[in-house]
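Below are the chains, spelled out letter by letter.
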Amino acid sequence: MNSLASPRRSRYAPGVLVLLALLMTALLYGTIVPAADAQNGASDADITAGQQLFAANCAYCHGSEGQGTDVGPSLIGVGAASVDFQVGTGRMPMASNSAQAPAKPVLFDEEQTSQMAAYVASLGPGPSIPSADQVDPEQGNPAKGMELFRTNCAMCHNAVGAGGALSEGKIAPPVTATSPTHIYEAMLTGPQAMPVFNDASITPEGKRDIIAYIDAQNDVSPGGLTLGSLGPVSEAVWVWIVGLGSLIAISVWVGARSS
């Protein structure tokens, strides 16, 4: 009996089992998780061109392979969506090491931005650039988007997306002039002080509804002059300067006429 059992206790068995388990995990990962460059249909030529652009414009801060440095964070796993947002809005390359990267004139065209996004996506799986259907405001519900926006976004961006001030020199920028794709990417990646709203927090349909609500704010205001859409602050200033100013002017005029 012992002679039959002894071959099963080979000292190499645990190591072989571990190797088999690692192999199976790798195979399952490769099957379930799509390649990062395939998520956006990037070709090898795009990735190579993106790597060259990255080396010339981004590597100083983010490392030659996107691993991060003392100056800039690692980009491994941030995905194509993050690069498309940061570069496509002009926030990157960053002009200065300030509290927040401001939007500025874009330095790269769409093809170059797409190539850099493809290269960074090839470094590790991450959020991909949304499709045209995902960001189409015509397919969204502005009423549902209003509820989601005022629950998750209005405390920073204002109830109609006009923007607002944050702490430590940061701001929540106005979003009404932001493209639908960049709005979706911002929710997906959480740039600057913004939290990440993944699909578990806000579904893709919910994100599209929010885009539809923001797009609706660009329509003509039914109330006439919007006063910056900043609510009671600008309205109170209007009352004090115009309303009380007019009453004082009328009082002075009546007093002058009486004398």
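Residues numbered from 1 in each chain as written. Predicted model: local features only at pLDDT ≥ 70, side-chain atom pairs only at ≥ 80, totals over all residues. Heavy atoms only, no water.

A. A look at the overall build of the chain. The number of helices and strands found in the chain is twelve helices and two strands. Reading the chain from its N terminus to its C terminus gives the helix and strand order α-α-α-α-α-α-α-α-α-β-β-α-α-α. Restricting to contacts in the chain with at least 6 residues of sequence separation, those with at least 24 account for 60%. (Helix = DSSP H or I, 4+ residues; strand = E, 2+ residues; numbered from the N terminus. Contact = heavy atoms within 4.5 Å.)

B. Fine view of the packing of helix H6 (residues 79–88) against helix H10 (residues 180–189). Closest axis-to-axis distance for the H6/H10 pair is 9 Å, and the angle between their directions is 125°. Between H6 and H10, the crossing angle belongs to the class labelled oblique. Between H6 and H10 lies a crossing whose hand is left-handed. Along its contact with H6, which presents Ala81, Ser82, Asp84, Phe85 and Gly88, the element H10 presents Thr181, His182, Glu185, Ala186, Leu188 and Thr189. Of the residues contributing to the contact of H6 with H10, the split by class is four nonpolar, five polar and two charged. (Axes fitted to C-alpha atoms, helices over the stretch in contact; angles between N-to-C directions. Parallel < 35°, antiparallel > 145°, perpendicular 65-115°, else oblique. Left-handed = near helix turned anticlockwise from the far one by under 90°. Nonpolar A, V, L, I, M, F, W, Y, C, P; charged D, E, K, R; others polar.)

C. Molecular detail of helix H4 (residues 44–57). With 14 residues, H4 should cover 20 Å at 1.5 Å per step; its first-to-last C-alpha distance of 20 Å lies within 8% of that length. Residues Ile47, Ala49, Gly50, Leu53 and Phe54 constitute the buried set of H4. Taken down its axis, H4 places every buried residue within 165° of arc, on the same side. For H4, the exposed residues lying more than 90 degrees away from the buried face are Asp44, Ala45, Gln52, Ala55 and Ala56. (Expected span 1.5 Å × (residues − 1). Buried < 20%, exposed > 50% of the residue type's maximum accessible area, 1.4 Å probe, protein only. Arc of directions from axis to C-beta.)

D. Spatial organisation of a nonpolar patch on the surface. On the surface, Val237, Trp238, Val239, Trp240, Ile241, Val242, Leu244 and Leu247 cluster together into a nonpolar patch covering about 810 Å² of accessible area. Residue placement: Trp240 occurs in helix H12 (residues 232–258). (Patch = residues over 30% accessible without salt bridge, like charges linked within 9 Å, V, L, I, M, F, W, Y side chains within 5 Å. Areas by Shrake-Rupley, 256 points an atom, 1.4 Å probe, with all protein chains shown as cover. Salt bridge = Lys/Arg side-chain N within 4 Å of Asp/Glu carboxyl O.)

E. Expanded view of the nonpolar core. Membership of the largest hydrophobic core comes to 17 residues, with the highest contact counts inside it found for Ile47, Phe54, Val83, Val87, Met116, Tyr119 and Val120. Among the secondary structure elements, those contributing two or more residues to this core are H4, H6 and helix H7 (110–123). With six residues, the top contributor of residues to this core is H7. Among residues more than four places away in sequence, those in contact with Tyr119 are Ile47, Gly50, Gln51, Phe54, Ser64 and Glu65. By size, the runner-up hydrophobic cluster in this structure holds 16 residues, among which are Cys153, Tyr184, Ile210 and Ile214. (Core = buried A, V, L, I, M, F, W, Y, C linked by side-chain atoms within 4.5 Å.)

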